[in-house]
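Coordinates in review
Read off the chains here:
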Amino acid sequence: MNDIESRIIELVAKSKNLPPSEIHLDTTFDELQIDSLDKINLSFAVEEMFSIEIPDDNLNSLKTVGDVVRGVETLLAAAQPKAATS
Amino acid sequence: MKRVVVTGLGCVTPIGNTVEAFRESLYAGRTGIAPFDLSVIPGALSPDPGIRYKTTAKVRDFHPTKNPEQLLSSGFILTSELGAQFGIIAARQAVAHSGLLQHHDPAAIAIVTGCSCGGRGADEDANRNLYLRNARIPPTAIIRTMASSGTSNIAIETGITGPTLNIATACASGTHAIGLAFQMVRAGMAPAAIAGGYEAPLTYGFLRAWDSMRVVSPTSCRPFSADRDGMTLGEGAAILILEPLDAALARGARIYAEIVGFGMSADAHHVTQPRAEGAALAMRRALEDITTTLGAPYLDSEMWASRVGYINAHGTGTQTNDAVEAAAIHQVFGEVAAHIPVGATKSLTGHSIGAAGAIEALATVLALDAASLPHTAGVSQIDPRLDLDVLIGEPRPLAREKDLALSNSLAFGGLNAVLAFRRYHT
């Protein structure tokens, strides 16, 4: 498990008052009974933790914990300065 | 008009987080007022020369993510601040205790609460971070800040969908809430009601703001004492279950007391200087309202005044409040005023603003139920200028022929609310 995965799992676990061991990448928001308010709150915490901004459009497509991890990885990669090409 | 009785009780207070613990502390005169630790209050300087007083009355041993009897789901924790959480747990106790939901239609039951300050913790945290470092505001700040957050969460927890609202009239909120719920049940607008108040205002900004008012005791709240020097801030919640007497009797419910009257008034005078005439008017109206409740042949409010055996005073412990409240009692009761036992629960619980009236209504109900009047703590010598029979030293029996009690709340801004309770005789 990489650092992003473990930090997100810890956030989700804390928000639902569950032990992190019960949260996996394929755990769905439905299983965790994460509603729209939980989702907005979780997104806020993720944005604060990784200094990123999750676009509104992307919020609705998040269905699993793994979706959040992949989304964060994508946003962090996009934020990396591009290597010089010449 | 229906007669209305109290059939369930719940509380989270600085002197006990169950009704049993509250009752025990109430009669032992065990105060919840204690020195507070600024170092654990978010954002506070410690020490802080801007806060000259040293004590508050805090709820202890409240852990809604750990204690089984206080457990709240992550949804409640996310959407509520401490005061609302006190309210949810107090309501849970009262509902379970009364069996309310097994006997009344949740679609019609009313919920009326008093909370004046709202979730100040969330508000202050968000604003501090915003102003200091232009931080973003958490998405839950709005819902945690709402004064009605506890009210909504009580409805969500119980599934009750009847008329549900919160009242914010500063220090009288809890009393106004119980009074309005009483009127609704009496009029048949609701078959039963969850009524009370909750508040947890002991945030850094609030402590500083009260210091500026120069009404907080540098020592401890000692209502009606000759050497009283101010109020002590507190927090907590209390909830009563109200239902018609006939419904309570039909289902064999335990009846703690009857609510027989409710009076309200405004001083229309000054926001911080209370006026005895305003408080007296609310007390008179509560007594006159007994006739509305009980009808003929109970037509004489003076007769009711002669039967008042206990006044649970607003009794904040400030020079002004206690003097004005004493003057109001003399205006209403005349020659007998000096012989009516008067007590002040705030000597034990501090002043919890929107919850205060509800906590004091709980104390009044317990006093009538036990026919024993709790004493006021911390009074070294009763202020002789007040000419009141202040309960001190130890509890005193309620006189058999004086089975009425008033519970006064006299708010900043001159908004007054008084409940009249009667000992229930089987």
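Residues numbered from 1 in each chain as written. Chains lettered and ligands numbered in written order. Predicted model: local features only at pLDDT ≥ 70, side-chain atom pairs only at ≥ 80, totals over all residues.

**Comments concerning the overall build of chain A**
As a reminder, the rule being used: Secondary structure is summarised from DSSP: a helix means a run of H or I of at least four residues, a strand means a run of E of at least two, and numbering begins at the N terminus for each. Exposed residues have 12 or fewer other C-beta atoms within 10 Å of their own C-beta, buried residues have 20 or more, and residues in between are partly exposed; the C-beta atoms are placed from the backbone. Placing C-beta atoms from the backbone, we regard two residues as in contact once those atoms come within 7 Å.
The number of helices and strands found in chain A is four helices and zero strands. Taken from N to C terminus, the helices and strands of chain A fall in the order α-α-α-α. Each principal axis of the C-alpha distribution contributes one length, and for chain A these read about 50 × 25 × 20 Å. By residue count, 17% of the 86 residues in chain A fall in the buried class. Sequence-distant contacts, at least 24 apart, represent 55% of the contacts inside chain A between residues at least 6 apart.

**Comments concerning the pairing of strand E6 (residues 193-199) of chain B**
All names here are of chain B. Applied cut-off: A pair of strands is labelled paired if DSSP reports no fewer than 2 bridges between them.
Among the seven residues that make up E6, seven are buried, leaving the element largely enclosed by the rest of the structure. Side-chain alternation along E6 places Ala193, Ala195, Gly197 and Glu199 on one buried face and Ile194, Gly196 and Tyr198 on a second face that is also buried. Alignment of strand E4 (residues 110-114) against E6, held across five bridges, turns out to be parallel. Among the inter-strand pairings, Ile111 is bridged to a residue of E6, identified as Ile194.

**Observations concerning the packing of helix H1 (residues 3-15) of chain A against helix H4 (residues 65-79) of chain A**
Residue and element names in this part refer to chain A. The condition is simple: Between the N-to-C directions of two axes lies an angle of 0 to 180 degrees, each axis being a line fitted to C-alpha atoms and, for a helix, fitted only over the stretch in contact. Here is the rule for angles: anything less than 35 degrees is roughly parallel, anything more than 145 is roughly antiparallel, 65 through 115 is roughly perpendicular, and the remaining ranges are oblique. Should the near helix be turned anticlockwise from the far one by less than a right angle, the crossing is termed left-handed; should it be turned clockwise, right-handed.
Contact geometry for H1 and H4: axes closest at 10 Å, N-to-C directions at 130°. Comparing their axes, H4 and H1 come out oblique. Where H1 crosses over H4, the two elements pack in a sense that is right-handed. Along its contact with H1, which presents Ile4, Glu5, Ile8, Ile9 and Val12, the element H4 presents Val65, Val68, Val69, Val72 and Glu73.

**Quick word on the sheet that holds strand E5 (residues 164-167) of chain B**
Residues and elements named next belong to chain B. Taken in spatial order, the eleven strands line up as E5-E4-E6-E7-E1-E8-E15-E14-E9-E10-E12 in an open sheet, and their pairing is mixed. The open sheet has two edge strands with one neighbour each: E5 and strand E12 (389-390). When strand E9 (residues 308-312) meets strand E14 (residues 404-411), the two strands line up parallel, connected through four bridges. Counted as the bridge partner of Ile311 is Leu406 from E14.

**Focus on the interface of chain B and chain A**
The test is simple: Under the scheme applied, nonpolar residues are Ala, Val, Leu, Ile, Met, Phe, Trp, Tyr, Cys and Pro; charged residues are Asp, Glu, Lys and Arg; polar residues are all the others, including Gly.
On the side of chain A, seven residues touch chain B, which itself brings six residues to the contact. Of the residues in the side of chain B that touches chain A, the class split is three nonpolar, three polar and no charged.

**Things to note about the confidence of the model for chain B**
Condition: By definition, pLDDT measures how confident the predictor is in each residue, and it falls between 0 and 100.
Taken as a whole, chain B shows an average pLDDT of 96; of its residues, 99% reach a score of 70 or greater. ipTM for the predicted complex: 0.73, alongside a pTM of 0.93.

**Here's the deal with the pairing of E9 of chain B**
Put simply, side chains in a regular strand alternate between the two faces of the sheet. Residue and element names in this part refer to chain B. Quick reminder of the rule: Think of it like this: strands point away, you trace from the first strand over the helix to the second, and a clockwise trace means the crossover is right-handed.
For E9, the tally of buried residues reaches five of five residues, placing the bulk of the element in the interior. As paired elements, E9 and strand E10 (residues 341-343) share two bridges and run parallel to each other. Across the sheet, the residue bridging to Ile311 is Val342, located in E10. Note that the unit made of E9, helix H13 (residues 319-333) and E10 has a crossover that is right-handed.

**Regarding the environment of Leu71 of chain B**
Residue and element names in this part refer to chain B. Positionally, Leu71 belongs in the loop between strand E3 (55-57) and helix H2 (74-79). Under the C-beta neighbour-count criterion, Leu71 is labelled partly exposed, with 15 such atoms within 10 Å. A C-alpha to C-alpha distance of 44 Å links Leu71 and Asp383, two positions 312 residues apart in sequence.

**Structural notes on the environment of Ala355 of chain B**
All names here are of chain B. Here Ala355 lies in the loop between helix H14 (346-349) and helix H15 (356-370). On the basis of neighbour counts, which here come to 39 C-beta atoms within 10 Å, the residue Ala355 falls in the buried class. A sequence separation of 55 residues divides Ala355 from Leu410, and the C-alpha atoms of the two residues are 13 Å apart. In contact with Ala355, other than residues within four places in its own chain, are Gly174, Gly197, Tyr198, Glu199, Gly236, Ala237 and Ala238.

**Points about H13 of chain B**
Spelled out, the test is: A helix is expected to span 1.5 Å for every residue after the first.
For H13 of chain B, spanning 15 residues, the distance from its first C-alpha to its last is 21 Å, which sits close to the expected 21 Å at 1.5 Å a residue. One or two residues past the end of H13 of chain B sits Gly334 of chain B, with phi positive at roughly 55°.

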